[in-house]
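Residues per chain, in single letters:
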Amino acid sequence: MSDTPPRDPARFGASTRLVHAGRDPSAQHGFVNTPIYRGSTVLFPTYDDLKHRRGRFDYGTSGTPTTESLTTAWSELAGAAGTVLTPSGLAALTVALMAVVSAGDHLLVSDSAYRPTRIFCDGVLKRFGVEVEYYDPLIGAGIGALMRDTTKAVLVEAPGSQSFEMQDVPAISEIVHARGAAVIMDNTWATPLLFPPHARGVDIAVEAGTKYLSGGSDLLLGLTSANATYWPALHRTFEHFAMCPGPEDVFLALRGLRTMALRLREHGAQGLAMARWLQARPEVARVLHPGLPEDPGHAIWKRDFAGASGLFGVILNPAPERAVAAMLDGLELFGMGFSWGGFESLVIPFDCRAYRTATTWAPEGPALRFHIGLEDLLDLQADLDAGFARLRAAM
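Worth saying up front: this structure is predicted, and the values here are computed from it rather than measured.

**Description of the overall build of the chain**
No. 1: From N to C terminus, the chain includes 13 helices and eleven strands.
No. 2: For the chain, the C-alpha radius of gyration of 22 Å lies close to 21 Å, the compact-globule estimate for 395 residues.
No. 3: Counting only C-alpha atoms, the chain reaches 75 × 50 × 35 Å along its principal axes.
No. 4: As displayed, the chain has an accessible area near 17,300 Å², and 55% of this comes from carbon and sulfur atoms.
No. 5: Side-chain charges in the chain split into 34 positive and 42 negative, and the spacing between the mean points of these groups amounts to 2 Å.

In C-alpha cells, the structure reads:
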C-alpha cells in the first residue's frame, strides 16, 4: 500500500471518502485503524533536531498520529485547508471566533445562534472589547446594511438553533466577502455530508463532533475547519490555546466517522417521516423542518443541502405546562436531554423568548425539539401517540 499513488478525493463519493480518509494501514503494520496515541513528550534523536523542531510531531498539544488521522479526514470531507480539534463543540466555536476578532472589532451574529455561543459572545468577547450585534437570520443579502468598517466576521447557523430558520449562506457570504470580512458557520445540523461549508462560501466552519460524528452519545468533541485564507490564523489561535481533546475521544470519533453517512441518512429519513406524521396531528400547530415543502426555508434547503438530519422542532397548539409535562414525563422511548445526534430519540421543550434580541419569538403554543433516532418509526409514533393522549387528558 505504501507504493500506491495518493488518492484524488474528488474521484470518490462521500461514503467512500468516509471509509478511507485519514487511514494509512502501512504506517501501523497493516492494522486498519490508527491506534490511540497517548502522550505529551516527543523525543528528538539529536540536539539539532530538537533545536529546529524537526520531526512529524514535537509535543502532544500540537498533535499525534491519532489526531492527525481525524483532522486529515475531516479536512478532506469538508473541503478545507486544515482542521483543528477541541474538547467540545462550544470550544470549537470559541476558537473560530478568537481567530478572527480583536478588541475594537464588530461581530454580527445570527439571532438564531446556539445559545451557549451567545453567552460567550455577550460575556467573554464583549469583556475583551468586541462589539457584538445580533441580526435577523432571514436577512440574506441585506446583511450588508448592518456591516461597518470594523465588521470582521458574520456568524451564521443554518438551520437556526431550536427555531430552525434557514439562512441563505451563499448570499450572505458574497456580501460579507465583498466587504473584506469572514463568514463563520455552525454547521453541526448538516455536517459537511449535507452542506459542504467551504464550497458555499464559509471561511471557518464549526461542527460539534459530539453529535453525528460520534453517533453514540458517549464523547465530547469539536472540529473547526478553515479555507486557505483563514487557516493560518485558526491554526495559530489553536496553538495559543492548546485546547486539545482526549485521545480516546478522538479514536471514538474516527470510528464514528466510518459509519456517519449511513447513520445520517437513516436519521434524516426517519426525521422527515416523523415530521410529516406530526404535521397531521391535531395537537400540532406547525412543524419546523426545512425539508418540508411548507417550511419557509424549504427552497434554500433544497438548493443548498443534500439532505436533512434528524433534528427539528414542533410548535404545539396552546396547552398549559402541566399538559406538556404529562406528555413528556410518560414517554417510554424518547429521552429528555440537551444533546442529539446519537442513536437514541430525544425531546426537550424550548422557549427562545428569553434571549432573542433582533427578532421576536412568538409561537402559537409550547415548542418541542425532537431528535429522531434509529428505533423503529412505528414504535416512536406509538410512544408519541400515547403522549398526546396524556396531553389532551391534562388540558
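**A closer look at the environment of V176**
No. 1: As for its placement among the helices and strands, V176 is situated in helix α6 (residues 169-178).
No. 2: Its relative accessible area of 0% is what places V176 among the buried residues.
No. 3: Between the alpha carbons of V176 and G144 there is a distance of 7.0 Å; along the sequence they are 32 residues apart.

**So, the environment of F388**
No. 1: Mapped onto the elements, F388 comes out in helix α13 (residues 377-393).
No. 2: Taking the relative accessible area as the measure of exposure, F388 reaches 0% and is therefore buried.
No. 3: C-alpha separation for the pair F388 and L331, spaced 57 residues apart in sequence, amounts to 10.0 Å.
No. 4: Sequence-distant contacts of F388, defined by excluding residues within four places in its chain, comprise W277, L278, R281, E283, V284, L316 and M327.

**Side note on the domain arrangement of the chain**
No. 1: As far as domains go, the chain holds domain 1 (14-256) and domain 2 (261-394).
No. 2: Just the C-alpha atoms count here: the centres of domain 1 and domain 2 sit 28 Å apart.
No. 3: On the domain 2 side, the residues contacting the 38 residues of domain 1 number 38 residues.
No. 4: When domain 1 packs against domain 2, the two sides together hide about 3,200 Å² of surface, and 59% of this comes from carbon and sulfur.
No. 5: Per-residue buried area on domain 1 facing domain 2 is highest for Q162, W189 and Y212; these three make up 25% of the total on that side.
No. 6: At the boundary of domain 1 with domain 2, the tally comes to two salt bridges.

**Side note on α6**
No. 1: The set of residues buried in α6 consists of V169, A171, I172, S173 and V176.
No. 2: Considering only its buried residues, α6 is in contact with β4 (151-157) and β5 (182-186).
No. 3: In this structure D168 caps α6, since a side-chain oxygen of it lies 3.2 Å from the backbone nitrogen of A171.
No. 4: Residue G180 follows α6 closely and has a positive phi angle near 80°.

Cut-offs and rules
- Residues numbered from 1 in each chain as written.
- Predicted model: local features only at pLDDT ≥ 70, side-chain atom pairs only at ≥ 80, totals over all residues.
- Heavy atoms only, no water.
- Helix = DSSP H or I, 4+ residues; strand = E, 2+ residues; numbered from the N terminus.
- Rg over C-alpha atoms; globule rule 2.2 N^0.38 Å.
- Areas by Shrake-Rupley, 256 points an atom, 1.4 Å probe, with all protein chains shown as cover.
- Lys, Arg positive; Asp, Glu negative; His and termini not counted.
- Charge placed at Lys NZ, Arg CZ, Asp CG, Glu CD.
- Buried < 20%, exposed > 50% of the residue type's maximum accessible area, 1.4 Å probe, protein only.
- Contact = heavy atoms within 4.5 Å.
- Domains from an automatic or database assignment.
- Buried area = accessible area lost by both parts, 1.4 Å probe.
- Salt bridge = Lys/Arg side-chain N within 4 Å of Asp/Glu carboxyl O.
- Polar contact = N/O pair within 3.5 Å; in protein donor to acceptor, adjacent residues only side chain to side chain.

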